[in-house]
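Listed below, chain by chain, are the residues.
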Amino acid sequence: MNIFHKRYTHIIVGAGSAGCLLANRLTSRPQNKVLLIEAGAWDDGFWLKLPVGYYKTMNNPKVSRHFACEPGDGSGGRSINWPRGCVIGGSSSINGLIFIRGQHQNFDDWSALGNHGWSYNEVLPYFRRLESFNGGDSQFHGTHGELQVSKLRNHHPDCTAWLSAAHQYGLPLNEDFNADTTEGVGEYHLSIGSRWRSSSSRAFLAPAKSRKNLDIMTKTLVNRVLFENKKAIGVEIAQDGRKQIIHAKTEVILSAGAIQSPQVLQLSGIGPGALLKKHGIDIVVDSPGVGQNLQDHYQMRTIVQMRSQNSLNKQIRNPLSLLKMGLDWAFRGRGALTVGAGQVGGAMRTRLAPTDHPDLQLFVMPLSVDKPGEPLHRYPGFTSAIWQCHPKSRGSIEIVTSDPTVDPKIQPNYLTDALDQDTMVEGIKILREIYKQSNFCDLWDAEVVPGEQVKTDSEILDAIRKGGGTVYHPVGTCKMGVDVAAVVGPDLRVHGVNGLRVVDASIMPLITSANTNAPTLMIAEKAADMILESNL
Ligand SMILES: Cc1cc2nc3c(=O)[nH]c(=O)nc-3n(C[C@H](O)[C@H](O)[C@H](O)COP(=O)(O)OP(=O)(O)OC[C@H]3O[C@@H](n4cnc5c(N)ncnc54)[C@H](O)[C@@H]3O)c2cc1C
């Protein structure tokens, strides 16, 4: 095994949403010498940059690694597939662009668990610092950050009609989900600039990558973190089948995401003792929570067939409309090529909500597909979907061998909790009520999914189990906290060792109510401050 002789102060494992931002911030101080290591390749290529390109990239194995989850009753015995970005920018290079922070309460809840410094008021400055919002500066928004955040650029008549139907149903209108509250219905913000996706790579790494104190390795897998007397001293990597050791003087930072950060920790000897022993791994810290506390949003879609031909299913097949879409994007940075994975939607409280905060998130698209990333249906489809904001079900991620190239076993345990099942059923009934409002009911002919034959609660639950799926938000597997199952403390240092932190979506103790990219970036922004302060 070779020993790489360059000396680094910090090694960051994974150039995803969190890793790219961290690389930028840590190299802003010239005395730091940072190495960023990424398993995937550089994010060249048109589809990674075109906003709507995620339809092409999320299932492309050159940039997206697919993990097959264990089948479970909650998903009707199906194995659900989890794509993760495996490319510079990580999942921010292939995600659905929706930019939403989550409810204020989410962060107050983290803080109430003993994570001091993480309440909404304390994290708001980091949300503001990282973004450049095209709606202007305010107490909630920043305009000087690197990440371009934009208001919706495609106003579709079917979505406008749905919004007014949802309002008729009784939901308030909300101008900005990233301000006072997520409650109500309105338009989603997107992580796009004037024409292009604003991935973490484009926003944070591009301006930093030529700095002399930053080295970047691509197509390089970190096998494990190495320790001396419980201090992380570097990593073992594999590049083109060759193993090497690279040392870090100050810290190793895992930003490998919610699947692979716990995997790397377990491979390094930090994890549930019995699991490590079973795979012949020397125990550095018996940490029972590594890989546990897995949370994800399970989504169910409804699809109706529309009467008009406005649906993007039709527009995309019409050469004239397609040309208009291209011109709209090229000359005005607007239109259908800029849409995210949900155009409008919002959040609401169902009668089952355990707190006075929304328990249901809604997403609406003027198109329909069998599965995200698959071809649009030929009929004029319209989709509205729900997920439960704070599922109670918990899953786990565990290595199945000491070989770092083998996928870990992922058991999401979707819908194992009765409240999760009931909330999802309630959500489908609410979507059906919205379709029936007078501002929408004349626009459609038939419900295709789950279908009009699905009537009773148990039939709806069965349809949800068989037809629902992930919205790609795994979090929580290296949870931050002060209890015995916590993997990192509020400073994101791994309990039981020195010189090692986890900074990515895996540290969320509780999943945020909506999409997870914005809160992951905030985590990295706050972590960068803590790392820079501690290394003064
Ligand atoms: C298809 C899809 C759609 C999504 N849509 C949205 C959306 O619309 N809005 C939203 O807010 N969120 C969305 N998300 C979720 C969001 O993008 C993620 O929560 C967020 O990007 C997670 O950031 P991260 O830094 O934790 O991990 P990632 O961004 O996944 O980064 C982890 C990086 O580490 C690398 N890595 C892993 N292991 C190793 C190793 N051992 N050695 C070296 N490198 C390694 C990976 O290749 C990857 O680049 C979506 C995700 C996906 C996959």
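All figures in this text were calculated on a predicted structure; none of them were measured in a lab. (Residues numbered from 1 in each chain as written. Predicted model: local features only at pLDDT ≥ 70, side-chain atom pairs only at ≥ 80, totals over all residues. Heavy atoms only, no water.)

Points about the packing of helix α1 (residues 17–26) against helix α14 (residues 517–534)
Basically, it comes down to this: Under this scheme, a helix contributes an axis fitted over its contacting stretch, all axes are lines through C-alpha atoms, and angles between N-to-C directions fall in the 0 to 180 degree range. Numbering of helices and strands runs from the N terminus, with a helix taken as a DSSP run of H or I at least four residues long and a strand as a DSSP run of E at least two residues long. In these notes the angle categories are as follows: under 35 degrees is roughly parallel, over 145 is roughly antiparallel, 65 to 115 is roughly perpendicular, and the rest is oblique. Here a crossing is taken to be left-handed if its near helix is turned anticlockwise relative to the far helix by less than a right angle, and right-handed if that turn runs clockwise. Only heavy atoms matter for contacts: two residues are in contact if any of them lie within 4.5 Å across the pair.
Between α1 and α14, the shortest axis-to-axis distance is 9 Å and the interhelical angle comes to 30°. Relative to α14, α1 is oriented roughly parallel. The interaxial crossing formed by α1 with α14 has right-handed handedness. Between α1 and α14, the contacting residues are Ser17, Ala18, Leu21, Leu22, Arg25 and Leu26 on the first element and Asn517, Thr520, Leu521, Ala524, Glu525, Ala527, Ala528, Ile531 and Leu532 on the second.

Let's talk about the domain arrangement of the chain
To keep things clear, this is the line we draw: As used throughout, domain bounds are those supplied by an automatic or database domain assignment. Buried surface area refers to the total accessible area, computed with a probe of radius 1.4 Å, that the two partners give up upon joining, counted for both partners together. Salt bridges are defined by distance alone: a side-chain nitrogen of Lys or Arg within 4 Å of a carboxyl oxygen of Asp or Glu. Pairing of N or O atoms within 3.5 Å defines a polar contact, subject to two protein rules: one partner must be a possible hydrogen donor and the other a possible acceptor, and residues neighboring in sequence count only if both atoms are side-chain atoms. Classification used: nonpolar for Ala, Val, Leu, Ile, Met, Phe, Trp, Tyr, Cys and Pro, charged for Asp, Glu, Lys and Arg, polar for all others including Gly.
The domains assigned to the chain are domain 1 (1–95 + 197–294 + 397–412 + 474–536) and domain 2 (153–187 + 298–388 + 414–473). For domain 1 and domain 2, the distance between their C-alpha centres works out to 32 Å. Every contact between the two is made by 26 residues of domain 1 and, on the other side, 27 residues of domain 2. Of the roughly 2100 Å² buried between domain 1 and domain 2 on both sides combined, carbon and sulfur atoms contribute 56%. Three residues, Tyr55, Gly74 and Arg78, lead the burial of domain 1 against domain 2; their summed loss comes to 24% of the area buried on that side. Inspection of the domain 1/domain 2 interface yields zero salt bridges. Scanning the region where domain 1 abuts domain 2 turns up 14 residue pairs in polar contact (both at pLDDT 80 or more). Elements represented by at least two residues in the side of domain 1 that touches domain 2 include exactly α3 (54–57) and β4 (81–85). Residue contributions to the side of domain 1 that touches domain 2 peak at four residues, all from β4. A class-by-class count of the residues in the side of domain 1 that touches domain 2 yields 15 nonpolar, eight polar and three charged.

What about helix α6 (residues 157–169)?
Short version of the rule: Helix span, as expected, comes to 1.5 Å for every residue beyond the first. Three labels apply to residues, based on accessible area from a 1.4 Å probe with only protein chains included: buried if under 20% of the type maximum, exposed if over 50%, partly exposed otherwise in between.
With 13 residues, α6 extends 18 Å from end C-alpha to end C-alpha; this agrees with the ideal 18 Å at 1.5 Å per step. Looking only at α6, the buried set comprises Asp158, Cys159, Ala161, Trp162, Leu163, Ala165 and Ala166. Against β7 (184–187), β14 (298–306), β15 (344–348), β16 (360–365), β17 (381–388) and α12 (418–436) lie the buried residues of α6. Where α6 terminates, the next one or two residues include Gly170, which has phi positive at roughly 125°.

Some thoughts on empty space enclosed by the protein
Stated formally: A pocket, in this scheme, is an open set of points on a 1 Å grid over the protein atoms alone with protein on both sides within 12 Å along at least 5 of 7 lines, while a cavity is a set where a 1.4 Å probe fits but cannot get out; residues line either one if an atom lies within 4 Å of a point. Grid points are joined across faces, edges and corners, and a volume is the space filled by probe spheres set on the points.
Counted under the stated rule, the structure contains two cavities of 30 Å³ or more. One number sums up the size of the second largest cavity: a volume of about 100 Å³. Lining the second largest cavity are 14 residues, and of these Asp296, Tyr298, Pro391, Tyr414 and Leu415 sit closest to its centre. In terms of residue class, the lining of the second largest cavity is made up of seven nonpolar, five polar and two charged.

Thoughts on helix α4 (residues 104–112)
As a reminder of what qualifies: Think of the arc as the fan of directions from the helix axis to the C-beta atoms.
Among all positions of α4, only Asn106, Phe107, Trp110 and Ser111 are buried. Down the axis of α4, the buried side of the element spans an arc of 140°, and every buried residue falls inside it. Summarising the contacts, the buried residues of α4 are in contact with α5 (120–130) and α14. Following α4 by one or two positions, Gly114 has its phi on the positive side, about 105°.

So, the site of the ligand
Spelled out, the test is: One heavy atom suffices: a residue is near a molecule or strand as soon as one of its heavy atoms comes within 4 Å of it. The method behind every accessible area is Shrake-Rupley, applied with a 1.4 Å probe, and residues are considered shielded solely by the protein chains displayed.
Lining the immediate surroundings of the ligand are 38 residues, of which Ser17, Glu38, Ser91, Thr516 and Asn517 lie closest. A distance of 2.8 Å separates a nitrogen atom of the ligand from a polar backbone atom of Ile98. One of the backbone nitrogen or oxygen atoms of Asn517 is found 2.8 Å away from an oxygen atom of the ligand. In isolation the ligand has 1000 Å² of accessible area, and contact with the protein removes 98% of it. When contributions to the shell around the ligand are tallied by element, the ones reaching two or more residues are α1, β4, β9 (220–228), α8 (257–267) and α14.

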